[in-house]
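A structural walkthrough
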Amino acid sequence: MDFSALRNLISRYCTGEENWVDSRTVYIGHREPPPGTEAYIPQRFPDNRIVSSKYTFWNFVPKNLFEQFRRVANFYFLIIFLVQLIIDTPTSPVTSGLPLFFVITVTAIKQGYEDWLRHKADNAVNQCPVHIIQHGKVVRKQSRKLRVGDVVLVKEDETFPSDLILLSTSRDDGTCFVTTASLDGESSHKTYYAVQDTKSFNTEKEVDMLRATIECEQPQPDLYKFVGRINIYQDRDEPIARPLGSENLLLRGATLKNTEFVYAVAIYTGMESKMALNYQSKSQKRSAVEKSMNAFLVVYLCILISKALINTTLKYVWQSNPNRDEPWYNGKTDHERQRHVMIRAFTDFLAFMVLFNYIIPVSMYVTVEMQKFLGSYFITWDDEMFDEELGEGALVNTSDLNEELGQVEYVFTDKTGTLTENNMEFIECCVDGHVYVPHAICNGQILSGSSGIDMIDSSPGPDGKEREELFFRALCLCHTVQVKEEETVDGIKRGIHQGKATSFYISSSPDEVALVEGMKRLGFTYLRLKDNHMEILNREDEVERFELLEVLNFDSVRRRMSVIVRSSSGHLYLFCKGADSSIFPRVISGKVDRVRARVEHNAVEGLRTLCVAYKALSQEEYHNMCQLLDSAKLALQDRDRKLAEAYDLIERDLVLLGATAVEDRLQEKAADTIESLHKAGMKVWVLTGDKMETAAATCYASKLFRRSTQILELTTKRTEEQSLHDVLFELGRTVLRQHDSLTHDTFSGLSSEFQDYGLIIDGATLSAVMKPAQDDSSGNYREIFLEICRNCSAVLCCRMAPLQKAQIVKLIKASKEHPITLAVGDGANDVSMILEAHVGIGIMGKEGRQAARNSDYAIPKFKHLKKMLLVHGHYYYIRIAELVQYFFYKNVCFIFPQFLYQFFCGFSQQPLYDTAYLTLYNISFTSLPILLYSLIEQHISMDILKRDPSLYRDIAKNCLLRWRIFIYWTFLGLFDSMVFFFGAYFLFDNTTFTSNGQIFGNWTFGTLVFTVLVFTVTLKLALDTHYWTWINHFVVWGSLLFYVVFSLLWGGVIWPFLNYQRMYYVFVQMLSSGPAWLGIGLLVIISLLPDVLKKVLCRALWPTSTERIQTKRKCLTVEQSTIFMLSQTSSSLSF
Amino acid sequence: MMASSYSTKEEDGHQSGAPGPGGGVNAKSRKPDNTAFKQQRLPAWQPILTAGTVLPAFFIIGLLFIPIGIGLYVTSNNIKEYEIDYTGVDMSSPCFNCSQNYSWNSTKPCRCSVSFSLDQPFESNVFMYYGLSNYYQNHRRYVKSRDDSQLNGNLNALKDPSKECEPYRMNDGLPIAPCGAIANSLFNDTLELYYNDPNGTKTLIKLVKTGIAWWTDKHVKFRNPVGDGSNLSAVFQGTTKPVNWQKYVYQLDSDPDNNGFINEDLIVWMRTAALPTFRKLYRIIEKQGDATPTLPRGNYTLLVTYNYPVRSFEGRKRMILSTISWMGGKNPFLGIAYITVGSVCFFLGVVLLIIHHKYGSRSNNADISS
């Protein structure tokens, strides 16, 4: 690599070459170019091995362990474990080692398995055979042995083994068809072109003769961008240089279609191929819940450290009396005595840390991960989010954000394909003001709407007739639609006109398909592109042939496309079609006013409009254009800019022909969904590239704006009249006045009806607002703009570039409330916004799979967003909130008695519970009920959640994980643990409670506390459960039963592998005493009492709307279930 | 306890999203299973805690707990218990001298006798406890200082006790049996009880020294090592006594079933107490016949062979005589707690009833009207 850089440097200065940042030279077939051209410097390129795996067999253990212990939590537990190993600690290292080992092993197995799968996939890819031309023969090799510069033979339906430059194809015209379905999901066939000078090579021998080099840029991940040049050496002449663009580059992963074979040369191999470069993982998004969890963890870490510090201090205060430190009955070893007091104090501190470390449980991380992973399956399983047409349900790309779906405050949605079907239907066209409606959709409404305007039957005169036909031909020619012909069994290809079932149009833009199909209905059928000639079947069933000379492709900046064709009579035409805003300024004649009026009328109706214009070219003009284009295309540097300039020069001085209108119907239930999202307290923003009128019409149709909504406009039209500054301040004042009166109203209770605002802003104004602060005032704009937006219930941003969409999301994300944002879109232009938002949702749309692949969740239709947020999001949020709070609660209950016990055992770090209990508490006794709860809890039924979106407001702003509630849970835990400990204390207080007078020891004391603990904690969860399926019953009662059975077993046998038998028969002896039973029952009830009381009182006195709904539903069903309730009561009594 | 409504949700997964005819065979295979579990529509009992529904529970708890509490309280009060401190802290107390001049090596035991009188006769079996205060049997260093395998009769452990027993593991190069701090500090006061007949004679009351340890401890957990002969001293050959003991472990009792590691006094002591103030069962005074109470009213003398020093760590020694009911010894806590909780629940029930009537109906009405 260094050599090539050096060479570039030299060549740049010596020969005055264009400024390449970095480039590579590929020698086709590894043959040196003829001497005298350039020195042959072999460059080193990576081989064609794809490595997506992370580990190898050898480095798996160390690398995986390193990766895992980089997580703070794992590291913490490792430290605790090591401390236990090194110093003499109260609990055996097993207690923390076992769970840690379990977690690490499970994770390692999971990652190992995933990596094994990746290895397998890599091997399959790397070993699949490729055909390489060597010395004029086809050689089969493994894919991984492919090198840069090899000439490859790829046959139909094969996948390209690396990024290739197309040399020649089996087709005479040097084209081939490729589907990139596995790369970006677009299943349409794309055409790629061979280099002009090589396209005639048809055999291996011929290809082997080729002497050429390819100079191209170093690999970069953009799939649609490629700049290169091929130098072909023929004889001794100067090499012929030809430009290479992305139309010559066959991407690894794409599949060859409808072409027998191609010859191509590899330029980017292995990990340098564009596909591999696109593997890069997305940045990790973290949910708000996770952030709260980490904050809580810090609090608990502080509690832990302070507990250990308090106990260490007290220990040394207490021990200052030597008779307490070392009474005669409890001597120390000499070794202990000799140790320095500071070291002793430090080890004591560590020992206390170890004793109390369970307050931060390993299992919480595992449970949270499992909850997220398993819980996300409910989304994919959801039948209601399955789309029959697509045959697909929702997809979960990351399960880390499940609960974030319940916290969304801002929804940013794309319009086309998201709110609307992106299923275009040709509605009408207008030629010089005459409106034509295809018969097929001539229903009564459209007829009446356009009455008084000439219909297709009433011909507008001979002159008009000519224009009309020109218009139709223009639409038939000016597109990039392909015809997909399906072969019948006997191999006879059928044309378009023979039936719709066997052939159809394919294009990356649905508008074009709609237009071409609309033309077909109006009598002009586009047949195919053959040998660079477009064939059209006109009304008289004659085939007209036009030679396609140039295609000036569509791009979103120009917002138009053009073709240059030569008719069979030899006339040259340039046809241009594009958005009205980009056509009208370039038109010099035609009935502009009438067309414009129609276009605006259609735009208000919510139709997508396109204008068509043409220009007749003279031979000379055409020649100039060709030169212009060629020079631009040949440029290696800044080719895009140069092309744009060339296009700009060519597409001017047009004659307006007319306009088309295509309807993009709203998606099913889009309005209902938006209404629900509004009711749920979310602000919905529509970000679209469409023009304002169309977008606004869609917004009205989708109920984003209601009739009562006052629309605030912040558009170029207004800012032209007034300065941006004035407009902003005026709008700000309007909105803020409303805001103030609103706050007054809430006091008087009249807040129910207030004016809601909708804002419309366009891209140009937005960039003016967003422009980084040059002076003081523009910094203010942003704030004012945000303030206005915050008070608008709906915002429409039109004429947005993809990057602007992301900018808006970022702006809202960074505003001072830090709201949770969600972006939903279907196209590649939404990817940036999807990646930027907290939650990105992709619609599996017609414009490829890019959005779905880059999103966190993908859904088939916009309407599924409703269930996704209102039901799944709501559920996941309450589930995980309870999970987190409960985990901290149960560990406070668990550890605080140990802390209290230190005051009664001379601060000696004596554990209250047996090792087995310490280890298994979080792993098995109390783990499953909460995991199950966090998977299937439903506090309100699904149907109610869907019917009443306002319930979503009840969980807004992370309200179940606020500090207040966290503190409540912590104090509940403290109270409960006091009850456990002091209850047992008074029960044991200097007396016996067996009927045979025998005495219990400290392990019975601990077991009693532990039993109360397990029962209380499990029953507390049971009280919180609102949805008792048989699984809940099984798991809750099952885990209690498991505890009892385990205790019986653990104490029932002298375990030979243990060096102590402290638990032998302790549990059974405890249960043999009546007061123990009475005590357990009493303590459990006392512990649960305050929580029940709090719940009942809050529900009765300050009910949330969720609770109201629950109660109401109960009231409605209470009659028929009274008997059942009574039976439940009696059964709970017996329990 | 909770109000409930049993709603079995019907499978209405198809109601939305009008299934088009386009879904082919391919689509069907990818369609999620329409099972109740996967659609989160399992039939479920959906209880809700409201004032109305917990009311009965509160009243029931109240009505149930108050009588239980009263029962427990009465039972506890009926238990007769007599406790006497014989530490000898005061100059006036009979054991003062013994507590002062104490040394482990003294061969001549120090004896003192404490007199007391029982106001009421103890009818059923009487359990005699010794109690210690400010004695940290639950100190970590102490608790773990034992070798359960040794005590279970493991011969290897007998000769090579666990490291946990340090510094009471070896003495003079010989392994200690039983090793560790707990065994070393075995309570070795001897208590004897005399009934002072009104006619002046002192009768020694028979104290039973078996049945004071857990049956499982005595028969399973603690076992003497099995040697060649039946002679315990031969089995314990090659071990030495704990430092503070005056005799070897095989000399603890003459009864072979209560000697060595299965000596019940040792077993009782080895079960470390939970709290620094504790009592341990010492002897049982069995009821002789139906006619006479086990301990009639009158004067008694407790003869103490004072061996166990507690003054150094400000400890106290007590002797407790207690009868036992089904719920154990005298402990009013449980009774009082039950009565309190019962009353609180009853009171809360009343409060909730008021709330339920005032607010419950109002909020419901508001809901329905809205």
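Residues numbered from 1 in each chain as written. Chains lettered and ligands numbered in written order. Predicted model: local features only at pLDDT ≥ 70, side-chain atom pairs only at ≥ 80, totals over all residues. Heavy atoms only, no water.

Another point: the pattern of salt bridges. This structure, assessed with the given rule, holds 54 salt bridges over all chains. A salt bridge links D47 of chain A to R49 of chain A; its shortest N-O distance comes to 3.7 Å. D348 of chain A is paired through a salt bridge with K315 of chain A; the nearest N and O atoms lie 3.3 Å apart. Here D348 of chain A, found in helix α11 (residues 341-356), pairs with K315 of chain A, found in helix α8 (residues 288-318); they are 33 residues apart in sequence, far enough to count as distant. Judged on exposure class, the residue D348 of chain A and its partner K315 of chain A are both buried. Each of the salt bridges in this network shares a partner with another, and the network as a whole consists of D382, E384, K867, D943 and K946 of chain A together with R41 of chain B. (Salt bridge = Lys/Arg side-chain N within 4 Å of Asp/Glu carboxyl O. Helix = DSSP H or I, 4+ residues; strand = E, 2+ residues; numbered from the N terminus. Buried < 20%, exposed > 50% of the residue type's maximum accessible area, 1.4 Å probe, protein only.)

Quick look at the sheet that holds strand β11 (residues 249-250) of chain A now. Taken together, six strands build an open sheet; the order of strands is β3-β2-β4-β13-β5-β11 (chain A) and the sheet is antiparallel. Looking at which strands have only one partner, the edges of the open sheet turn out to be β3 (137-142) and β11 of chain A. (Pairing = 2+ DSSP bridges.)

Here we take up the interface of chain B and chain A. If you look at the interface, chain B gives 111 residues, while chain A gives 117 residues. Across the chain B to chain A interface the summed buried area is about 10,400 Å²; carbon plus sulfur atoms make up 60%. For the chain B face of the interface with chain A, the top three residues by lost area are Q40, R140 and W214 of chain B, together amounting to 8%. Viewed at the interface, chain A and chain B are joined by three salt bridges. R141 of chain B is the partner of E336 of chain A in a salt bridge, and the nearest nitrogen-oxygen pair spans 3.9 Å. Counting the contacts that link chain B with chain A gives 32 residue pairs in polar contact (both at pLDDT 80 or more). At the level of secondary structure, the elements contributing two or more residues to the side of chain B that touches chain A comprise α1 (25-30), β2 (44-45), α2 (51-78), β5 (126-133), α4 (140-143), α8 (215-221), β10 (278-285) and α11 (332-369) of chain B. (Contact = heavy atoms within 4.5 Å. Buried area = accessible area lost by both parts, 1.4 Å probe. Polar contact = N/O pair within 3.5 Å; in protein donor to acceptor, adjacent residues only side chain to side chain.)

Another aspect to go through is the packing of aromatic side chains. A complete count under the given rule lists 99 aromatic pairs over all chains for this structure. Between F988 of chain A and F993 of chain A, the aromatic rings sit 5.1 Å apart at their centres with planes inclined by 80°, giving edge-to-face as the arrangement. Per residue, the accessibility class of F988 of chain A equals that of F993 of chain A, and both read buried. Its guanidinium or amino end placed over the ring of Y306 of chain B, K317 of chain B lies 3.6 Å from that ring's centre, counting from NZ or CZ. (Phe/Tyr/Trp six-rings, centres within 6.5 Å; stacked < 30°, edge-to-face > 60°. Lys NZ or Arg CZ within 6 Å of the ring centre and 35° of its normal.)

F1010 of chain A together with Y86, W269, L302 and L321 of chain B are the most contacted members of the largest nonpolar core, which totals 201 residues. The leading source of residues in this core is helix α31 (residues 864-902) of chain A, at 18 residues. Every residue in contact with L302 of chain B, bar those within four places of it in the chain, is listed here: I84, Y86, C112, S113, V114, F116, M128, L191, E192, L193 and M319 of chain B. Counting residues in each nonpolar core, the second largest holds 50 residues, with M692, I760 and V824 of chain A together with A36 of chain B among its members. (Core = buried A, V, L, I, M, F, W, Y, C linked by side-chain atoms within 4.5 Å.)

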